[in-house]
Amino acid sequence: MSEHVAIVIVSHSADVAKGTADMVRQMVGQEVRLAWTGGDPDGGLGTDVAKIKAAIESVLGPAGVAVLVDLGGAETNSEMAVELLAAEHGAGQGAPENKVRICNAPIVEGAVMAATEAAGGSSLDDVCATAEELSG
Amino acid sequence: MNDDLKLRLIDATAAVIRDNAERLTELDQAIGDGDHGINMKRGFEAIAAERDALARLAWPQALHKAGMALVMKVGGASGPLYGSLLMQMGKAADEELGSIGDLATCLGAGIEAVKQRGKSSTGQKTMLDVLVPVQQTLQQAAGNGAELAAAIAAARRAADEGQAAAKEMVATKGRASYLGERSKGHDDPGATSSRLLVHTVCDVLEGAR
């Protein structure tokens, strides 16, 4: 099912990330590849660049990945993870930085909307646009 | 000599962050998400854990590796911000990093990475309000052919004034921006940690003369 855009959920809290993923699964189903991560490198509240990178890699396919984040550090750390991925895999047409997008949307609603759009076979641009409409 | 300078920089910065972690966290609890001290402590401990290996590397590699440690270990936005600062300084550094001008150039490159990463600039109540004036001061000192002692004194003043100025700013970046006007009058945690680090580097450089 890798022709669908995949979704990665990044929260400061592993509970929030997992709970969001549960909601996506229940509301959207199994077509969309989904990964989540939360917590800092010591397991406290925060985000972990290495874990975000691993989550993205675990679902990265030709259609790309939409990343939904919660507060500031989750976004900054996700951007860093995408950059590290790009540095490892090299630039170019199919390079990760062109296939991974961080959506500016509320994490729970955004993840559900993005997954719904992705399940319909939409492009990465459309998936992110739909999620970002929520930010009004 | 250079190995020794690196070791002293690593030890001194780790110590100042450890000693001030609680205060940084308190400042962050007032206007941010309350994790700056603990996050920075974790990051600088990660650098300190590799102190011997880092000290054996040339400046470009040492700065890059230390920056990577911050990126991977901090767990908050300050990881990529301080991490990118060091990583980009590493890219701009030459093997020796032997003059005030070299340091200014290198810091300037690091600051550009912070601006890009944080999508921010000066005047937004962030670490940049300390780092940018410090860099400008060093650049000027190098241009004027200033002695190291004078350059260090000027850098310290610039850091103090930058932090004081940031305190009176309204935050428009990061968690503190949620508070808007109410962030005014609060010390910014990032500006505070940057001032502490600038002072610490100055202390070490003075000792290194």
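### A closer look at the interface of chain A and chain B
Working step 1: Each partner contributes to the interface: chain A provides 14 residues, whereas chain B provides 16 residues.
Working step 2: Breaking the side of chain A that touches chain B down by element, the ones donating at least two residues are helix 2 (49–59) and helix 3 (72–89) of chain A.

### What to know about the packing of helix 5 (residues 107–119) of chain A against helix 6 (residues 124–132) of chain A
All names here are of chain A.
Working step 1: Running from N to C, helix 5 and helix 6 cross one another at 145°; their axes reach a closest spacing of 8 Å. Where helix 5 crosses over helix 6, the two elements pack in a sense that is right-handed. Every residue of helix 6 that contacts helix 5 at Gly-110, Met-113, Ala-114, Glu-117 and Ala-118 is listed here: Asp-126, Val-127, Thr-130 and Ala-131.

### What to know about the sheet that holds strand 1 (residues 6–11) of chain A
All names here are of chain A.
Working step 1: Strand order in this open sheet of four strands is 2-1-3-4, and the pairing throughout is parallel. Of all strands in the sheet, those bounded by a partner on one side alone are strand 2 (34–38) and strand 4 (100–103). Between one strand axis and the next, the sheet turns by 20° as a mean value, whatever way the strands run.

### What to know about the environment of B:Lys41
All names here are of chain B.
Working step 1: Relative to the assigned elements, Lys-41 resides in helix 2 (residues 36–49).
Working step 2: Distance in space between the C-alpha atoms of Lys-41 and Ala-15 is 9.0 Å, their sequence separation being 26 residues.
Working step 3: In this view, Lys-41 contacts Ile-17, Arg-18 and Ala-21; residues no more than four positions away in its chain are not counted.

### Structural notes on the packing of helix 8 (residues 148–167) of chain B against helix 9 (residues 189–207) of chain B
Residue and element names in this part refer to chain B.
Working step 1: Following both chains from N to C, one finds helix 8 and helix 9 inclined at 170°, their axes separated by 9 Å at the closest point. If you check the angle between helix 8 and helix 9, you find them roughly antiparallel. Two secondary-structure elements touch here, helix 8 through Leu-148, Ile-152, Ala-155, Arg-156, Ala-159, Asp-160, Gly-162, Gln-163 and Ala-166 and helix 9 through Ala-191, Thr-192, Arg-195, Val-198, His-199, Cys-202, Leu-205 and Glu-206.
Working step 2: Among the residues forming the contact of helix 8 with helix 9, the class breakdown is nine nonpolar, four polar and four charged.

### What to know about helix 4 (residues 59–73) of chain B
All names here are of chain B.
Working step 1: Spanning 15 residues, helix 4 covers 21 Å between terminal C-alpha atoms, matching the ideal 21 Å at 1.5 Å per step.
Working step 2: All buried positions along helix 4 are accounted for by Trp-59, Ala-62, Leu-63, Ala-66, Gly-67, Ala-69, Leu-70, Val-71, Met-72 and Lys-73.
Working step 3: Downstream of helix 4 by a residue or two, Gly-75 has a phi angle that is positive, lying close to 90°.

Cut-off values and rules
Residues numbered from 1 in each chain as written. Chains lettered and ligands numbered in written order. Predicted model: local features only at pLDDT ≥ 70, side-chain atom pairs only at ≥ 80, totals over all residues. Contact = placed C-beta atoms within 7 Å. Helix = DSSP H or I, 4+ residues; strand = E, 2+ residues; numbered from the N terminus. Axes fitted to C-alpha atoms, helices over the stretch in contact; angles between N-to-C directions. Left-handed = near helix turned anticlockwise from the far one by under 90°. Pairing = 2+ DSSP bridges. Parallel < 35°, antiparallel > 145°, perpendicular 65-115°, else oblique. Nonpolar A, V, L, I, M, F, W, Y, C, P; charged D, E, K, R; others polar. Expected span 1.5 Å × (residues − 1). Buried ≥ 20, exposed ≤ 12 C-beta atoms within 10 Å, placed from the backbone.

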